[in-house]
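Examination of the molecular architecture
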Amino acid sequence: MTEKTSSTPTNRPPRRQVRPIVEHADGTTSRTPTRDGRPLLNFKSPRVTQPPTHLADMSMDERIAAVTEMGLPAFRAKQLSTHYFVHHTTDPEAMTDLPKDRRAELAERFFPPLLSEVRRLRTSNGDTIKFLWRLFDGALVESVLMRYRNRITLCVSSQCGCGMNCPFCATGQQGLTRNMSTAEIVEQVIRANQVIAAGELAEDTSADTDMLGNPAAAVGSEADEEQGEAPAQGSGSAGGTTASGAGTTRTSGQAERVTNIVFMGMGEPLANYKRVINAVRRFVDPAPAGLGMGARRITVSTVGLVPGINKLAAEDIPVTFALSLHAPDDGLRDEMIPVNTRWKVDEAIDAAYNYYQVTGRRVSIEYALIKDMNDHAWRAELLGKKLNARGRGWVHVNPIPLNPTPGSVWTASEPEVAAEFVRRLQDAGIPTTIRDTRGQDIDGACGQLATAEED
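Thresholds applied
Residues numbered from 1 in each chain as written. Predicted model: local features only at pLDDT ≥ 70, side-chain atom pairs only at ≥ 80, totals over all residues. Heavy atoms only, no water. Helix = DSSP H or I, 4+ residues; strand = E, 2+ residues; numbered from the N terminus. Buried < 20%, exposed > 50% of the residue type's maximum accessible area, 1.4 Å probe, protein only. Contact = heavy atoms within 4.5 Å. Areas by Shrake-Rupley, 256 points an atom, 1.4 Å probe, with all protein chains shown as cover. Pairing = 2+ DSSP bridges. Axes fitted to C-alpha atoms, helices over the stretch in contact; angles between N-to-C directions. Salt bridge = Lys/Arg side-chain N within 4 Å of Asp/Glu carboxyl O. UniProt positions renumbered as here; feature names shortened; annotations may be inferred. Polar contact = N/O pair within 3.5 Å; in protein donor to acceptor, adjacent residues only side chain to side chain. Parallel < 35°, antiparallel > 145°, perpendicular 65-115°, else oblique. Left-handed = near helix turned anticlockwise from the far one by under 90°. Arc of directions from axis to C-beta. Expected span 1.5 Å × (residues − 1).

Some details on the overall build of the protein
Counting its secondary structure elements, the protein contains eleven helices and 15 strands. The burial tally for the protein puts 55% of its 455 residues in the buried class. Within the protein, residue pairs in contact and separated by at least 24 positions form 71% of the contacts whose partners lie at least 6 positions apart. Here the protein has roughly 18500 Å² of accessible surface; of this, 48% comes from carbon and sulfur atoms.

What follows is the structure in structure tokens.
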């Protein structure tokens, strides 16, 4: 297929087509690993030891059963849950409403250590913090905390590594070590809330603009502006009314906390479906059973595991859904996103549209713009046609300039190319906003920090 031209004829030749290849630490490249001619994909976590059971792994009924087994009254489960999900603490000395002679025992039973901080990188203006965590078995994962004008977003990991084998993704090239537990996912949010409460995230942020100088779509913005909703006003846990002033993330009488969670960190969330959904339930369960967040403030992103998308649609938890598409044509997407050899572009888009039909929640299409690989104008037109074929008003596209690894052979599209890509989509009636590129100065792309630490 040759690149289409705009309505104004030009004599420019079609831009070249670059094919995706795997980059290695020594600067060499190779094709995506295959088995019997098919890309290697790992949908199941190896059978490995999981961390000790934590309070966040349990439902409230299970917590009650656990405390009564210890010979304590059932209401102690609510007290423990309040300390964790409302006050964000696991320190037994802070739990003064518990029997003094049982505090250490309760903390040991319900709050085994899950995350050890290895490194913390902070942007120059302090509005973005990236964490590298070591888990109980030595595995490394990352999370990123970002302040925006009207929200505080945390990008969480759901797997140690990833089995999807996408060649341009640092995490994808690590392979899959194991699935993270429900509590390991939840603990990333609790630790982030502790950092916010300690005043370690900048109190203000400058306006985010994209590579074209226009207002950029923030990570997590799928939940509000794109749905036509009011700005986020705190997690809503433990009651309280919103403080006056547009764009605040503080609730009256409470410290600031994470308002939006995005499953866009390390791993494929739908390949760890059970634990991810349990974590989502902890996020949306009313305090003190959970964090008391609105489901719309949680974004689950996938590269296109169609059965998982359909299962998510049937959960009756209307989280915001994002499909990482990155190419509208099967020829290229087979190479960029190897799971496309299992479920093709149209199957993934059909599943995304089904999510919209079932939940009424507008879907986000993520599209990493990579120079000369997938940023051709004809691809924008093809994407627009495919999305419009399902209907209008059900989808929003977020082109994302690639956040490359230092020295990478991949790079972001040129601004004028990105502008043309966006224009073609908007001309097709598709709402399109370029995503911001937070954290470039702190190895913000998923998997970069963990890869560097392992090297």
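Side note on the sheet that holds strand β15 (residues 395-401)
With respect to topology, nine strands assemble into an open sheet ordered β5-β6-β7-β8-β11-β12-β13-β14-β15, the strand pairing being mixed. Looking along the sheet, the strands with just one partner apiece sit at the ends: β5 (116-122) and β15. Taking the axes of each pair of neighbouring strands and ignoring which way they run, one obtains an average angle of 20° across the sheet. The pairing of strand β8 (residues 151-155) with strand β11 (residues 260-263) spans three bridges and is classified as parallel. Considered in β11, the bridge of T153 is made with N260.

Looking at the pattern of salt bridges
Oppositely charged side chains are able to pair whenever their charged atoms sit close together. A full pass over the atoms with the stated rule returns 23 salt bridges. Across the pair E184 and R178 runs a salt bridge whose closest N-O atoms are separated by 2.9 Å. On the basis of relative accessible area, R178 is assigned to the buried category, the value being 0%. For E315, the salt bridge goes to R281, with nearest N and O atoms at 2.8 Å. Of this pair, E315 sits in the loop between α6 (306-313) and β13 (320-324) while R281 sits in helix α5 (residues 273-284), and the two are 34 residues apart along the sequence. Bridged by salt links that share partners, the residues E381, E420, R423, R424 and D427 form one connected network.

Let's talk about the UniProt feature "active site" (unreviewed entry) in the protein
In the numbering used here, UniProt assigns the "active site" (unreviewed entry) feature to E142 and C446. Take E142: it is sitting in strand β7 (residues 140-148). Assessed through its relative accessible area of 3%, E142 is described here as buried. Polar side-chain contacts of E142 include one of 2.8 Å to the side chain of K130.

What about the packing of helix α4 (residues 182-197) against α5?
Running from N to C, α4 and α5 point in directions that differ by 40°, and their axes come no closer than 8 Å. With respect to each other, α4 and α5 are oriented oblique. Between α4 and α5 lies a crossing whose hand is right-handed. Within the contact between the two elements, α4 uses T182, I185, V186 and V189 and α5 uses R275, V276, N278, A279, R282 and F283.

Describing unusual backbone geometry
In the segment running from A287 into P288, the intervening peptide bond is cis, with an omega of 5°. For P288, the position within the fold is in the loop between α5 and β12 (298-302). One non-glycine residue, H326, lies in positive phi territory at about 70°. Here H326 shows up in the loop between β13 and α7 (330-336). What makes H326 buried here is its relative accessible area of 8%.

A short note on the pairing of strand β14 (residues 363-369)
Judged by how many residues are buried, β14 sits mostly within the fold: seven of seven residues are covered. Alternating residues of β14 divide into V363, I365, Y367 and L369 and S364, E366 and A368, and every residue in both groups is buried. Summarising the sheet, β13 and β14 pair through three bridges and their orientation is parallel. The residue bridging S324 from the neighbouring strand is E366, located in β14.

Here we look at helix α3 (residues 103-110)
Think of an α-helix as turning once every 3.6 residues; residues three or four places apart then point the same way. For α3, the set of buried residues is R103, L106, A107 and F110. Along the axis of α3, the buried residues cluster in a sector spanning 100°; they form a single face. Turned more than 90 degrees away from the buried face of α3, the exposed residues are A104 and E108. Tucked inside the fold, the buried residues of α3 contact α1 (60-69) and α2 (75-85).

Looking at the side chain of R361
Turning to its location among the elements, R361 is positioned in the loop between α8 (345-359) and β14. Within polar-contact distance, the side chain of R361 engages the side chain of T320 at 2.9 Å.

Digging into the UniProt feature "binding site: [4Fe-4S] cluster" (unreviewed entry) in the protein
Residues annotated by UniProt as "binding site: [4Fe-4S] cluster" (unreviewed entry) correspond here to C162, C166 and C169. The residue C169 is located in the loop between β9 (159-161) and β10 (176-179) in this model.

Description of α4
In this model, α4 (16 residues) spans 23 Å end to end at C-alpha, consistent with the 22 Å of a helix rising 1.5 Å per residue. Summarising burial for α4: 14 of the 16 residues are buried, a large majority. Positive backbone phi, approximately 75°, marks G199, located one or two places after α4.

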